[in-house]
Amino acid sequence: MKGMHVIVGVTGGIAAYKAVDFVSRLRKQGAEVQVVMTEHATKFVTPLTFGEISGHPVSVSMFQEVINWDVEHIALATWADAYIIVPATANIIGKIANGIADDMLSTQVMATKAPVFICPAMNTNMYENPITQRNLQTLRDYGYHIMEPDSGHLACGTSGKGRLPDPAAIIDWFDFTYHKSQELAGQTVVVTAGGTQEAIDPVRYIGNRSSGKMGYALAAAAARHGAHTILITTPTQLAIPMGVQAVTVHSAKEMKQAVDEVFDDCQALIMAAAVADYRVRNQAPQKLKKQEDFTLDLVKNPDILKEAGQRKQKQKLIGFAAETEHLIENARKKVDSKHLDFLVANDVSQQGSGFNVDTNQVSLVYADGTIKEFPLLSKKEVAERIIIALSELKK
Ligand code: C5P
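Described in the following lines is the structure provided in the data block. Everything numeric in this text was worked out from a predicted model, so none of it was measured.

1. A word on the pairing of strand β13 (residues 268-271)
Burial of the side chains of β13 extends over both faces: Ala 268 and Ile 270 are buried on one face and Leu 269 and Met 271 on the other. Examined bridge by bridge, strand β8 (residues 188-193) and β13 share four bridges and lie parallel to one another. The partner of Thr 192 across the bridge, within β13, is Met 271. Pairing between β13 and strand β16 (residues 316-323): four bridges, direction parallel.

Now the structure itself:
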């Protein structure tokens, strides 16, 4: 969202207070934000609050004294890269759907060529009213982006659909929808993530330090590029990204089974998971009692990626390799032995790279020997580049 020009339209619902947090989060992400309010919205939150939070004077009336020529309604509508209404009442939805432009906000929405995002919030009966539903459908048909409201307790004392989602969820939806593209439309991309858990007994397991961040960022990027995305993940602390179908597994064996189920019908498999190479031969059925030293007998796990490489038809295969030495040399061997299209190699001994951090420095090592090196980037940015590299592979 860095450098993006966003107009946030605030209309007169009780959820208007949540828009303050939303604007603040948008600015933290680097967006430049200007707020436009309806008269009714100013009864819930003052323009002063939004002025302070956005860092710009707030427009309400068409006829207020012009503070700066640039805030004139057409100029502002042109300035916007995106226009988002948080919260959107039944009234503003009805006005936009029917071409009414009788205040600053509705006039700007009509005047802007930027994509418009609408976050409805209202009482359940108003939301479910067929007129509101018809108006929302009209807006969808014209290409407006509508966020689904949450269900739950409403300010009017009832419970049902119509709650404004949390500001963090609105940011995720806005970011996802704004950046969504179609490069991978019609394709199914399977991503594995997290570190496998190999049970010792019912309460203990052998694990590793993988946080799942890279795999989740890849799944988010694949979905953003239009792919039907299946994320096969071990339990992590992370939220399932927008538009992604998740399957939870624990061990390497479970992960292999989940991959096998979807592999034939997918166009790409990205194995970002840290899969344990070994599992305990005989898992104890009951919790092991404390005892003197003892030895765990380990048996080799299946190599999911290698087996996928042997059975692949047209699927693209991408592997990950965390190394602490001879990075490229080892990567080349893996590309060959696992029949990969490319391997994402990272030196986990470098600072800011690898496990449990938000950044990564990787090189892509291709089957034909080509190497693409990337600088130290956020995992989100690394994921974006990997997904673009996937979409650029020859069919
Ligand atoms: O050979 P190495 O384990 O270093 O290869 C790493 C790649 O292979 C990763 O993409 C990882 O997800 C995958 N892998 C696998 N099954 C294993 C071990 C690793 O699919 N048992």
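Picking up where we left off.
2. Topic: the side chain of Asn 360
As for its position among the elements, Asn 360 is in strand β18 (residues 359-360). Asn 360 sits in the buried class, given a relative accessible area of 3%. One polar contact links Asn 360 to Asn 346, side chain to side chain, over a distance of 3.0 Å.

3. Remarks on the packing of helix α4 (residues 90-97) against helix α7 (residues 130-141)
It is at 9 Å that the axes of α4 and α7 come closest, and there the two elements cross at 50°. Here α7 runs oblique to α4, going by the angle between their axes. Remark: the crossing between α4 and α7 carries left-handed chirality. Contacts between α4 and α7 involve Ala 90, Ile 93, Gly 94, Ile 96 and Ala 97 from the first element and Thr 132, Asn 135, Leu 136, Thr 138 and Leu 139 from the second. Taken together, the residues of the contact of α4 with α7 break down into six nonpolar, four polar and no charged.

4. Here's the deal with the site of the ligand
Around the ligand, the surrounding shell holds 13 residues, and the nearest of these are Met 271, Ala 273, Pro 302, Phe 320 and Lys 334. In this structure, Ala 273 approaches the ligand through a main-chain N or O atom, which is 2.7 Å from an oxygen atom. Between the ligand and Phe 320 there is a distance of 2.8 Å, counted from an oxygen atom to a backbone nitrogen or oxygen. Considered on its own, the ligand offers 450 Å² of accessible surface; in the complex 85% of this is hidden by protein. Elements with a minimum of two residues in the shell around the ligand: α11 (304-311) and β16.

5. Focus on the sheet that holds strand β2 (residues 32-37)
Taken in spatial order, the five strands make up an open sheet running β2-β1-β3-β4-β5, and their pairing is parallel. Two strands bound the open sheet, and with one partner strand each, they are β2 and β5 (145-146). The sheet strands contacting α4 are β3 (82-88) and β4 (116-120), and the helix crosses β3 at an angle near 140°. Sheet strands in contact with helix α8 (residues 167-179) are β1 (5-10), β3, β4 and β5, and its direction is about 150° off that of β4.

Rules of the game
Position labels on residues start from 1 in each chain and follow its written sequence. Under the rules for a predicted model, residues below a pLDDT of 70 receive no local features and side-chain atom pairs below 80 are neither given nor counted, while totals for whole chains, interfaces and linings still include all residues. Side-chain metrics in this entry use all non-hydrogen atoms of the structure; hydrogen atoms and water are not considered. For each residue, the accessible area found with a 1.4 Å probe, counting protein chains only, is set against the maximum for its type, and the residue is called buried under 20%, exposed over 50%, and partly exposed in between. Numbering of helices and strands runs from the N terminus; a helix is a DSSP stretch of H or I covering at least four residues, while a strand is a stretch of E covering at least two. A pair of strands is treated as paired once DSSP finds two or more bridges between them. Polar contact is defined as a pair of N or O atoms within 3.5 Å, subject to the rule that within protein one atom must be able to donate a hydrogen and the other to accept it, and that residues adjacent in sequence are counted only when both atoms are side-chain atoms. Fitted lines through C-alpha atoms serve as axes, helices being fitted only where they are in contact, and the angles separating the N-to-C directions of these axes extend from 0 to 180 degrees. These descriptions rest on fixed angle ranges, namely under 35 degrees for roughly parallel, over 145 for roughly antiparallel, 65 to 115 for roughly perpendicular, and the rest for oblique. Should the near helix be turned anticlockwise from the far one by less than a right angle, the crossing is left-handed, and should it be turned clockwise, the crossing is right-handed. Note on contacts: a residue pair is in contact if any heavy atoms of the two residues lie within 4.5 Å. For this scheme, ten residues count as nonpolar: Ala, Val, Leu, Ile, Met, Phe, Trp, Tyr, Cys and Pro. Four count as charged, namely Asp, Glu, Lys and Arg, and the remainder, Gly too, count as polar. Here a residue is near a molecule or strand as soon as one of its heavy atoms is found within 4 Å of it. Per-residue accessibility takes into account occlusion by the displayed protein chains alone, with areas from the Shrake-Rupley method and a 1.4 Å probe.

The values reported here are purely geometric and, on their own, carry no functional implication.
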